[in-house]
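# Architecture and fold: a report
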Amino acid sequence: MFDLTGRTALVTGASGGIGGAIATALHAAGATVALSGTREGPLRDLAATLGERAHVVPANLSDAQAASGLVKDAAAAMGSVDILVNNAGITRDNLFMRMSDDEWQQVMDVNLTGVFRLSRAALRPMMKARWGRIVNITSVVGATGNPGQGNYAAAKAGLVGMSKSLAYEVASRGITVNCVAPGFIATPMTDSLTDDQKGRILSQIPAGRMGAPEEIAAAVLYLASPEAGYITGATLHVNGGMAMI
Amino acid sequence: MSDIADRVKKIVVEHLGVEEDKVVESASFIDDLGADSLDTVELVMAFEEEFGIEIPDDAAETIQTVGDAVTFIKGAV
C-alpha cells in the first residue's frame, strides 16, 4: 500500500514541523522529494537526514516570480513534479479591527495566491502525464473560524474552494486535488504557547492531546498515493475530533 | 498540405482521438471534433511544444479551428 517509488514530490514549507514530516513520509514511501522553504539551513539538514532522493529548492513564495520558478527548479532537480504538497503558510494574527492591510495581504499572498501560482505552474506537466496529485494543507480554522485569525482563516477556507474548482477541471486527466486540514499539532509554533493556553485548547479536543506532525503526513501520503485516485475535491480533517465536519 | 499543417493535424488526431479525415481546415475543435475547453488548452500546449513557440492566452482564444491553428503557427515560427 502507498508505494510512491518512482514518483517525485515537491513539498513547500518543508523547513517546518509539519512540512518536514510530510517530506519524510513521502520519501519513506519511495518518492524523490524536493524540499522548499525560505530557510535553507533546516532544508539542508533535512535533506542530509533523508539521504538519497532528496533535493533542496529554496523559494520565497510571497514573490510572484518565485512560484513558477520553484516548479521549474524542482522539475530540473527531479525530472518532474508528480506530487505537489502546498504546505507553506504564514500567520499574521491580529484582532480583526486592528488588522492592517499589510497583515491581511501578506497572509493572502503566501497562503492563497502562492498556492494558486504553484498549482498552476505544476499542472501543465501533470496534464501531459495524465497523473498528478495536489495536496493543499489547510486548517481546522478555515472551517470553524478563529478569533485573531481572520486573514488566516479566510485564506485557508479560500484554498478549499479553489481546490474543489480545480479538482473539477482536471479530474478527467488523472489529477486529484485535495486538502488536509490539521487541528492543533505539536510543532515549534505550538510549543511557545503557555500551559494555560494549551489547557484551554486540549479541553476542546476529544482525543485529549495535540496531534503529531506524522499524523498529518500520513493523511498526505494517503492522498498522494495511487490508491487515493478516486478521491478528489475532498478535505480530510485530522484534528482529534475537535471539529467533526 | 504544408509540413506545418500535417504536424498540426497529427497532434489533433492523437490528442482528440478523432478520424484523420475529419481534421480539415474548417473543423472547429469544440463543435466538430468533440473537444472540451480543457482539450483546447492542452492542444495549445502541444502546439507550443511541437513548434517551440509561445502562444499567449489572447491568441489562444482566437484559435477555434484547425485552420486557425495552422495560420497562427505559420505566422509565429
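Residues numbered from 1 in each chain as written. Chains lettered and ligands numbered in written order. Predicted model: local features only at pLDDT ≥ 70, side-chain atom pairs only at ≥ 80, totals over all residues. Heavy atoms only, no water.

### Some words on the UniProt feature "modified residue: O-(pantetheine 4'-phosphoryl)serine" (unreviewed entry) in chain B
Residue and element names in this part refer to chain B. Spelled out, the test is: UniProt positions are given in the numbering used here, feature names are shortened, and annotations may be inferred rather than shown by experiment. Secondary structure elements follow DSSP: runs of H or I no shorter than four residues count as helices, runs of E no shorter than two count as strands, and numbering proceeds from the N terminus. Residue exposure (1.4 Å probe, protein chains only): buried if accessible area is under 20% of the type maximum, exposed if over 50%, otherwise partly exposed.
UniProt's entry tags S37 with the feature "modified residue: O-(pantetheine 4'-phosphoryl)serine" (unreviewed entry), counted in the numbering of this structure. Summarising the element assignment, S37 is placed in helix α2 (residues 37-51). With relative accessibility at 53%, the residue S37 sits in the exposed group.

### Considerations on the sheet that holds strand β5 (residues 132-137) of chain A
Residues and elements named next belong to chain A. Cut-off, in case you're wondering: In short, DSSP must find at least two bridges between two strands for them to pair. Comment: axis = line fitted to C-alpha atoms, over the contacting stretch for helices; angle = value between 0 and 180 degrees taken between N-to-C directions. Should any heavy atoms of two residues lie within 4.5 Å, those residues are counted as being in contact.
Taken in spatial order, the 7 strands line up as β3-β2-β1-β4-β5-β6-β7 in an open sheet, and their pairing is parallel. The strands lining the two open edges of the sheet, one partner per strand, are β3 (54-56) and β7 (235-238). Averaged over all adjacent pairs, the angle separating strand axes in this sheet is 20°, with direction ignored. Pairing between β5 and strand β6 (residues 175-182): 6 bridges, direction parallel. Residue pairing in the sheet places N136 in a bridge with C179 of β6. Along the sheet, helix α1 (residues 17-28) contacts β1 (8-11), β2 (32-35), β4 (83-86) and β5; its crossing angle with β1, the most-contacted strand, is approximately 175°. Strands β1, β2 and β3 of the sheet are contacted by helix α3 (residues 64-78), whose axis makes an angle of about 145° with β1.

### Brief notes about α1(A)
Residue and element names in this part refer to chain A. Which entries qualify depends on this criterion: Take the number of residues in a helix, subtract one, and multiply by 1.5 Å to get its expected span.
Compared with the 16 Å implied by 1.5 Å per residue over 12 residues, the 17 Å span of α1 between its first and last C-alpha is a close match. Counted residue by residue, α1 has 9 buried out of 12 residues, so it is predominantly covered. Three or more residues of α1 are buried, namely I18, G19, G20, A21, I22, A23, A25, L26 and H27. Looking at the buried positions of α1, the neighbouring elements they touch are β1, β2, α2 (40-50), β4, β5 and α9 (213-224). Looking one or two residues past α1, G30 carries a phi angle of roughly 110°, positive in sign.

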